[in-house]
Amino acid sequence: MLFKEFAEFCESIEGISSTLELIARISNFIKDLEDLDLYNVVLFIMGKIYPPWEERELGVGIGLLYEVLENVSGVKREKIEDMIRELGDLGLVSEKIIAGRVMLTLEAEELSIRRVREIFDEVSSLVGEGSRKRKILLLTGLYGNSSPIEAKYLTRLIMNEMRLGVGEGIVRDAIAKAFDVDEELVERAYMITNDLGRVAVIAKNSGKGGLEGIRIELHTPVRMMLAQVAESFEEAIEEMGEVAVEWKFDGSRVQIHHGNGEIKVYSRRLENVTNALPEIVEEIKKFVREGVILDGEVIAVKDGKPMPFQHVLRRFRRKHGVSKMVEKIPLQFHAFDILYMNGELIDKPLIERRRILESTISESERIKIAKQVITKDKEEIERVFNEAITAGHEGVMLKNPRSPYIPGKRGKNWLKLKSVMETLDLVVVGGEWGEGKRSHLLSSYELACVDETSGKLLKVGKVATGFTDEDLEELTEIFKQTIVFHEGKRVEFQPRYIFEIAYQEIQKSPKYESGYALRFPRFIRIREDKDLSEADTLSRVEELYLMQSKKA
Ligand code: AMP
């Protein structure tokens with residue numbers, strides 16, 4: 001299939017807001033594609049080039065793209081920034097720039113989806129010295145060969161932002177419709193493989209039976225089971241009868257695959273973070289039996305006390321000088337579940353999985369099994385809760401001992417109870433350079449929640465307190481890479497990162513497009529372990545607003 005056909009299809013659905021219509025249109029479009037095109041289209045339409053757990057990534061930031069566009073058209077970065085201010089997105093700007101350029105070659109090669117994939121694969125294989133130059137060259141070739149509409153969607157794809165309002169849910173349902181299989185079956189297959197492209201190809205070629213046959217495999221990460229908020233201990237006891245109580249560790253979630261002579265560690269977003277955690281890998285090798293997939297939390301512990309959670313993420317982020325960090329930020333892994341031991345275990349009840357978990361690990365300095373108490377007694381739960389808080393953790397997890405492990409599910413079988421008030425996880429969409437001593441730092445940040453029907457980001461406020469100088473240095477480094485344009489001191493970012501924000505109160509306010517504003521917002525931490533699909537929604541903001549007025 002030609003990339004142009006894909007681009008034209010994207011354009012044809014851009015204005016559609018009805019979910020049902022989007023599903024129908026996409027299912028129709030993918031129905032007769034051959035395997036490779038099907039795989040690529042399914043990922044591309046969501047603005048993805050690889051599944052998140054693949055080690056490969058394009059590694060093309062906005063700065064590099066500005067250079068490519070300048071190469072192709074002669075239009076300078078400042079001018080491009082002006083155009084974005086006017087048109088609102090780099091995709092439209094790319095379209096306009098390509099439309100206005102002087103063609104150098106008369107016969108442009110017609111781009112196929114496969115060719116675009118090949119170039120992306122080549123770009124992502126480039127590392128080290130000279131790689132930036134080579135990437136620019138390859139992409140310049142690609143844009144040089146593209147028509148305006150192709151350039152529009154190439155840019156959006158490279159920036160992982162298709163602006164079609166097509167998320168995983170819609171693509172899942174479109175696959176189900178196109179190949180006449182159950183949506184739930186597609187969902188299950190997706191939670192296990194984390195690759196909708198692969199799921200689509202299996203659905204097409206082997207239908208229901210093929211999807212049902214998909215099993216958890218070593219070294220393919222599985223979506224993690226998540227928890228709902230519990231309002232009280234009583235609620236959990238009422239819900240579950242007997243409750244399995246564990247500390248809620250203040251660290252970062254990981255899934256560890258150990259088998260076939262290899263160990264891989266995946267973060268909550270299913271990114272491969274193995275290389276950042278050499279001491280954990282070393283001890284897994286020694287103290288955990290082979291052929292297993294473990295679920296648990298990595299925490300940083302110094303002098304017997306947990307360090308703030310940001311330190312764990314700092315370790316995850318680290319690509320160079322890892323060994324120095326091993327001493328500075330020592331880590332422990334606390335296993336609380338097991339998904340696989342020479343075969344799938346997720347349908348077994350927690351209580352049984354726990355027994356298997358205990359038989360696979362011999363505890364060491366860095367590898368622990370999370371303590372668990374099974375009880376019906378409210379006071380016993382309270383005791384564990386206080387123990388966790390005293391030890392510097394967040395609260396407790398209350399789990400149903402009879403429940404299976406449902407990948408990707410945020411259900412009532414796992415409840416979380418924290419000691420502090422609810423915070424919001426908001427998307428950072430803009431910022432402002434500081435003044436005086438802080439003029440080299442991005443020192444205030446604009447926050448948005450997600451409108452779950454349109455997928456749009458709606459602002460709810462700005463945060464400028466709660467940061468240490470060290471935080472600001474670090475955040476400036478991170479956010480500098482995502483600046484789309486400047487407007488005096490104000491900058492707009494590509495929406496990539498989430499902040500956890502505390503606040504005193506939520507107010508109704510016409511000042512922001514969400515209709516709400518946060519009173520006294522305070523930065524708690526950057527949540528690099530969450531992706532945009534996990535940001536808080538407008539309905540969550542509304543719900544918290546109503547809850548607080550009930551309490552008042
Ligand atoms: P939250 O991130 O607030 O949705 O809370 C759920 C997270 O708590 C999980 O994703 C884990 O990273 C973390 N967690 C800490 N301790 C546990 C535990 N014992 N069981 C399950 N999750 C835990």
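Residues numbered from 1 in each chain as written. Predicted model: local features only at pLDDT ≥ 70, side-chain atom pairs only at ≥ 80, totals over all residues. Heavy atoms only, no water.

A. The arrangement of the domain arrangement of the chain in detail. Entries for the chain in the domain assignment read domain 1 (3-158), domain 2 (226-418) and domain 3 (424-551). Taking only C-alpha atoms, the centre of domain 2 and the centre of domain 3 are 29 Å apart. Counting residues at the interface gives 12 residues for domain 2 and 12 residues for domain 3. At the boundary of domain 2 with domain 3, total buried surface from both sides reaches about 1,300 Å², with 37% on carbon and sulfur atoms. The largest contributions to the domain 2 side of the interface with domain 3 come from R268, R269 and R317, which together make up 44% of the buried area. Taken together, the connections running from domain 2 to domain 3 amount to 8 salt bridges. The partner of R314 in a salt bridge is E474, with the nearest N and O atoms 2.8 Å apart. At the boundary of domain 2 and domain 3, one finds 7 residue pairs in polar contact (both at pLDDT 80 or more). Grouping the amino acids of the side of domain 2 that touches domain 3 by side-chain chemistry returns 3 nonpolar, 2 polar and 7 charged. (Domains from an automatic or database assignment. Contact = heavy atoms within 4.5 Å. Buried area = accessible area lost by both parts, 1.4 Å probe. Salt bridge = Lys/Arg side-chain N within 4 Å of Asp/Glu carboxyl O. Polar contact = N/O pair within 3.5 Å; in protein donor to acceptor, adjacent residues only side chain to side chain. Nonpolar A, V, L, I, M, F, W, Y, C, P; charged D, E, K, R; others polar.)

B. Representation of the packing of aromatic side chains within the structure. Counted according to the given criterion, the structure contains 19 aromatic pairs. Look at Y445 and F479: their rings are 5.2 Å apart centre to centre, the planes differ by 55°, and that puts the pair in the tilted class. Of this pair, Y445 sits in strand β13 (residues 442-450) while F479 sits in helix α19 (residues 469-480), placing them 34 residues apart in sequence. You'll find Y445 and F479 in the same group, each marked buried. (Phe/Tyr/Trp six-rings, centres within 6.5 Å; stacked < 30°, edge-to-face > 60°. Helix = DSSP H or I, 4+ residues; strand = E, 2+ residues; numbered from the N terminus. Buried < 20%, exposed > 50% of the residue type's maximum accessible area, 1.4 Å probe, protein only.)

C. Region of the structure containing unusual backbone geometry. In this model, N194 sits at a positive phi of 55°, which is unusual for a non-glycine residue. Relative to the helices and strands, N194 resides in the loop between α11 (183-193) and α12 (196-212). We classify N194 as buried; its relative accessible area is 2%. The phi angle at F520 is positive, at roughly 50°, despite the residue not being glycine. Structurally, the position occupied by F520 is in the loop between β19 (516-519) and β20 (522-526). Since its relative accessible area comes to 54%, F520 is described here as exposed.

D. Up close: the site of the ligand. Surveying the vicinity of the ligand reveals 15 residues, the closest of which are E246, R253, E297, K399 and K416. A distance of 3.1 Å separates an oxygen atom of the ligand from a polar atom in the side chain of K248. One nitrogen or oxygen atom from the side chain of R253 is found 2.9 Å from an oxygen atom belonging to the ligand. Contributing elements (two or more residues each) for the shell around the ligand: β2 (243-248), β10 (395-399) and β11 (410-418). With 4 residues, the single largest contributor to the shell around the ligand is β11. When the residues that make up the shell around the ligand are grouped by side-chain class, the tally is 5 nonpolar, no polar and 10 charged. (Near = heavy atom within 4 Å.)

E. Geometry of the nonpolar core. Counting residues in each nonpolar core, the largest one holds 121 residues, and the members touching the most others are F6, I30, I45, F120, Y143, I175 and L211. Mapping this core onto the domain boundaries places at least three of its residues in each of domain 1 (3-158) and domain 2 (226-418). Dropping the residues within four chain positions of it, F120 is found in contact with F44, I49, Y50, L58, L142, L154, L157 and I158. One finds L277, V288, M325 and L331 within the second-largest nonpolar core, a separate group that totals 32 residues. (Core = buried A, V, L, I, M, F, W, Y, C linked by side-chain atoms within 4.5 Å.)

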